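Summary of structural features
Here is how the chains run, residue by residue.
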Amino acid sequence: MTASAPALDCAYHRAGLCDSCTRIDDSYAAQLARKQLGAEAAVPDAAWLPPQASAVEGFRNKAKMAAGGTIEAPTLGILDGERRGTDLRACPLHEQPIRDALPHLAELVPEARIPPYSVPERRGELKHVLVTSSPDGELMVRFVLRSTEAVPRIAKRLDALRERIPGLVVASASILPEHKAALEGDVEVPLTEQQTLTMRLNGIPLALQPGGFFQTNSGVAAALYREAASWIDDVDPASGADLYCG
């Protein structure tokens, strides 16, 4: 990739359907350099290491897909300026297991007769589909619904869905009845017996629950953890404190 080449060749961006990646027309090298210069200017007296680069595409382990369209022709992606659905199920940012799963999750909408939620009309059931991929290729899927009305129909088709998505190990429904700009609700209805996704970084298994926070770039997170571990080994402290962890 040359210094002037765009960071990512995205068909959705070229078609004018999605402008979510605001720096997509800048090369990745230029983006890294800009961030590094900004950090160095903010803390000029620090000794700065080179930035940890990421893969340019296929690095994001979580998809937050807004549901739109109709039962017969659902969309999973974003909402446009008129709050109508724009389908982005092949977004190149997501890890491949997510991209493989999203078409099957879209097929579930007509099969289970789940009306996508219409923001302008304040009508419908399915608001979002949230998918997380583990470093082992396993998936957690959460259906954000307005009510529990569609839950039995999803549960009835879950075995068939898992046949089409072999990596699907955790599924649940998050209930968000209010009409508001929120990603998920306060009530979680388990659809599978297993309700934690194993996020294995540097050989260490971490258990992620529905609604839990995890770094969305597993490769960079693992690299940062390795760096932190090396610093701790060098200092060999007797104790430590976990600060600024949110």
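Going by the structure above, here's the rest.
What counts, and where the lines are drawn
- Residues numbered from 1 in each chain as written.
- Predicted model: local features only at pLDDT ≥ 70, side-chain atom pairs only at ≥ 80, totals over all residues.
- Heavy atoms only, no water.
- Core = buried A, V, L, I, M, F, W, Y, C linked by side-chain atoms within 4.5 Å.
- Buried < 20%, exposed > 50% of the residue type's maximum accessible area, 1.4 Å probe, protein only.
- Helix = DSSP H or I, 4+ residues; strand = E, 2+ residues; numbered from the N terminus.
- Contact = heavy atoms within 4.5 Å.
- Polar contact = N/O pair within 3.5 Å; in protein donor to acceptor, adjacent residues only side chain to side chain.
- Expected span 1.5 Å × (residues − 1).
- Arc of directions from axis to C-beta.
- Salt bridge = Lys/Arg side-chain N within 4 Å of Asp/Glu carboxyl O.

As a rule of thumb, nonpolar side chains are buried together in soluble globular proteins. Leu-105, Val-131, Phe-143 and Leu-145 are the most contacted members of the largest nonpolar core, which has 39 residues in total. When residues of this core are traced back to their parent elements, those giving at least two are β1 (62-69), α3 (96-112), β4 (126-133), β5 (139-145), α4 (151-156), α5 (158-164) and β6 (168-175). No other element matches the eight residues that α3 contributes to this core. Beyond its immediate stretch of four places on either side in the chain, Val-131 contacts Asn-61, Lys-62, Ala-63, Ile-98, Leu-102, Leu-105, Leu-139, Met-140 and Val-141. Residues Met-140, Leu-197, Met-199 and Leu-208 belong to the second largest nonpolar core, which totals ten residues.

What follows is about the side chain of Ser-218. One can find Ser-218 in helix α6 (residues 218-235). A relative accessible area of 6% places Ser-218 in the buried class. At 2.8 Å, the side chain of Ser-218 and the side chain of Asn-61 are in polar contact.

Attention now moves to helix α2 (residues 28-42). With 15 residues, α2 ought to run about 21 Å at 1.5 Å a step, and its terminal C-alpha atoms sit 21 Å apart, in line with that. Within α2, the full set of buried residues consists of Tyr-28, Gln-31, Leu-32 and Gln-36. Summarising the axial view, the buried residues of α2 lie within an arc of 130°, below the 170-degree limit, and thus occupy one face. Turned more than 90 degrees off the buried face of α2, the exposed positions are Leu-37 and Ala-41.

Here we come to the side chain of Asn-61. Take Asn-61: it is sitting in the loop between α2 and β1. Overall, the relative accessible area of 2% leaves Asn-61 in the buried class. In this structure the side chain of Asn-61 is engaged in a polar contact, spanning 2.9 Å, whose partner is the backbone oxygen of Gln-215. Among residues more than four places away in sequence, those in contact with Asn-61 are Glu-95, Ile-98, Val-131, Thr-132, Ser-133, Met-199, Phe-214, Gln-215, Thr-216, Asn-217 and Ser-218.

Let us look at the pattern of salt bridges. All chains considered together, the criterion is met by twelve salt bridges. The salt bridge involving Glu-188 is made with Arg-142; its shortest N-O contact spans 2.9 Å. Placement of Glu-188 in strand β7 (residues 187-190) and of Arg-142 in strand β5 is noted, with a sequence separation of 46 residues between them. By relative accessible area, Glu-188 is classed as partly exposed at 28%. Under the relative-accessibility criterion, Arg-142 is labelled buried at 3%. Across the pair Glu-149 and Arg-153 runs a salt bridge, and its minimum N-O distance is 2.7 Å. One connected set of salt bridges, linked through shared partners, spans Arg-23, Asp-26 and Arg-34.

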